[in-house]
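These are the residues of each chain, in order.
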Amino acid sequence: DAGVTQSPTHLIKTRGQHVTLRCSPISGHKSVSWYQQVLGQGPQFIFQYYEKEERGRGNFPDRFSARQFPNYSSELNVNALLLGDSALYLCASSFNPLMNTEAFFGQGTRLTVV
Amino acid sequence: AQSVTQLDSQVPVFEEAPVELRCNYSSSVSVYLFWYVQYPNQGLQLLLKYLSGSTLVKGINGFEAEFNKSQTSFHLRKPSVHISDTAEYFCAVSDPQGAQKLVFGQGTRLTINP
């Protein structure tokens with residue numbers, strides 16, 4: 001079985017641009033969460049989606065948005081990129097977060113803003 | 001609000017020596033506790049978790065952790081480490097009533113020396 005897949009693995013953007021990151025959960029998983037991991041720090045929660053509805057939002061500006069599609073894949077969008085948005089963006093999927101089933105993480109997308 | 005403090009940013013040990021990585025948490029409610037490992041350029045892998053029941057939790061790769069409610073700690077231990085254990089280790093908490101939003105510590109870099 002494929003694990004959580006994220007694309008792209010790396011990308012470089014310029015300040016002010018927009019970026020879209022993609023995540024495909026493990027087959028059968030209905031929840032996707034997004035985390036931002038700045039170099040040298042622990043991951044910080046951005047969003048959680050379950051059954052295509054937003055179930056949680058972290059302390060991030062409105063420039064960050066996300067959505068979940070009918071096939072449970074997800075996109076994270078970031079507008080008006082800042083240098084401080086440079087980070088590893090991690091996606092995690094789980095079967096049912098309300099039952100605290102294990103969250104499985106993808107390998108992440110390394111975003112560099114220049 | 002919940003928070004996690006990992007008391008050591010770096011822990012160097014010799015191969016086959018025991019190791020303890022310390023984690024303290026702060027929460028006004030009961031919590032679920034987790035340890036994740038992150039190898040270079042990879043996502044996070046769950047080592048073990050405490051949801052309820054026995055306070056001594058055994059995980060993968062020979063790791064174990066003990067939940068101490070009075071000291072609000074969840075320290076990770078391994079009796080004998082290997083070179084392959086070199087990685088970043090993250091302690092995390094979540095609210096059982098929430099939807100699996102993980103709050104991570106800053107991480108501890110475990111370096112195994114031959």
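Given the structure is predicted, the values throughout are model-derived calculations rather than measurements. (Residues numbered from 1 in each chain as written. Chains lettered and ligands numbered in written order. Predicted model: local features only at pLDDT ≥ 70, side-chain atom pairs only at ≥ 80, totals over all residues. Heavy atoms only, no water.)

K.L.:
Sorry, what's going on with unusual backbone geometry here?
P.N.:
What is expected of a backbone is that most residues other than glycine have negative phi and most peptide bonds are trans. Cis rather than trans, the peptide bond between A:Ser7 and A:Pro8 has omega equal to -10 degrees. Position of A:Pro8 relative to the elements: it lies in the loop between β1 (5–7) and β2 (10–13). In this structure, A:Ala80 is a non-glycine residue whose phi angle is positive, near 45 degrees. Relative to the helices and strands, A:Ala80 is located in the loop between β8 (74–78) and β9 (87–94). Unlike most non-glycine residues, B:Asn61 shows phi in positive territory, near 60 degrees. (Helix = DSSP H or I, 4+ residues; strand = E, 2+ residues; numbered from the N terminus.)

K.L.:
Help me out: how do you make sense of the nonpolar core in this one?
P.N.:
One recurring pattern in soluble globular proteins is that nonpolar side chains are buried together. Ranked by internal contacts, the top residues of the largest apolar core, which has 28 residues, are B:Trp35, B:Leu48, B:Leu76 and B:Tyr89. The biggest single contributor to this core is strand β10 (residues 87–94) of chain B, with 4 residues. Not counting the four nearest positions on each side in its chain, B:Tyr89 is found in contact with B:Gln6, B:Leu21, B:Trp35, B:Tyr36, B:Val37, B:Leu47, B:Phe63, B:Leu76, B:Gly107, B:Thr108 and B:Leu110. Listed in part, the 22 residues of the second largest apolar core include A:Leu11, A:Ala66, A:Tyr89 and A:Cys91. (Core = buried A, V, L, I, M, F, W, Y, C linked by side-chain atoms within 4.5 Å. Buried < 20%, exposed > 50% of the residue type's maximum accessible area, 1.4 Å probe, protein only. Contact = heavy atoms within 4.5 Å.)

K.L.:
Looking at this model, I keep getting lost on the pairing of strand β5 (residues 32–38) of chain B. Mind explaining?
P.N.:
Each regular strand shows side chains that alternate between the opposite faces of the sheet. Residues and elements named next belong to chain B. Of all 7 residues in β5, 7 are buried; the element is thus mostly enclosed. The alternating pattern of β5 places Tyr 32, Phe 34, Tyr 36 and Gln 38 on one face and Leu 33, Trp 35 and Val 37 on the opposite face, and all of these are buried. Pairing analysis gives 7 bridges linking β5 to β10, with the strands arranged antiparallel. If you follow Trp 35 over to β10, its bridge partner there is Cys 91. Where β5 lies against strand β6 (residues 44–50), 6 bridges are found, and the strand directions are antiparallel. Residue pairing across strands places Phe 34 opposite Lys 49, the latter belonging to β6. With antiparallel pairing between neighbouring strands as the criterion, β5 and β6 make up a hairpin whose turn holds 5 residues, including Asn 41 at a positive phi of roughly 60 degrees. (Pairing = 2+ DSSP bridges.)

K.L.:
Help me understand the pattern of salt bridges in this model?
P.N.:
Opposite charge on two side chains allows them to pair when their charged atoms are near. Taken as a whole and assessed by the stated rule, the structure comprises 11 salt bridges over all chains. Note that A:Glu51 is salt-bridged to A:Lys30, the shortest N-O span being 3.6 Å. One end of the pair, A:Glu51, is in the loop between β5 (44–50) and β6 (53–57); the other, A:Lys30, is in the loop between β3 (19–24) and β4 (31–37), and 21 residues separate them in sequence. For the salt bridge of B:Arg22 with B:Asp8, the shortest nitrogen-to-oxygen distance reads 3.0 Å. With a gap of 14 residues between them, B:Arg22 in the loop between β3 (19–21) and β4 (23–26) and B:Asp8 in the loop between β1 (3–6) and β2 (10–14) connect regions that are remote in the sequence. (Salt bridge = Lys/Arg side-chain N within 4 Å of Asp/Glu carboxyl O.)

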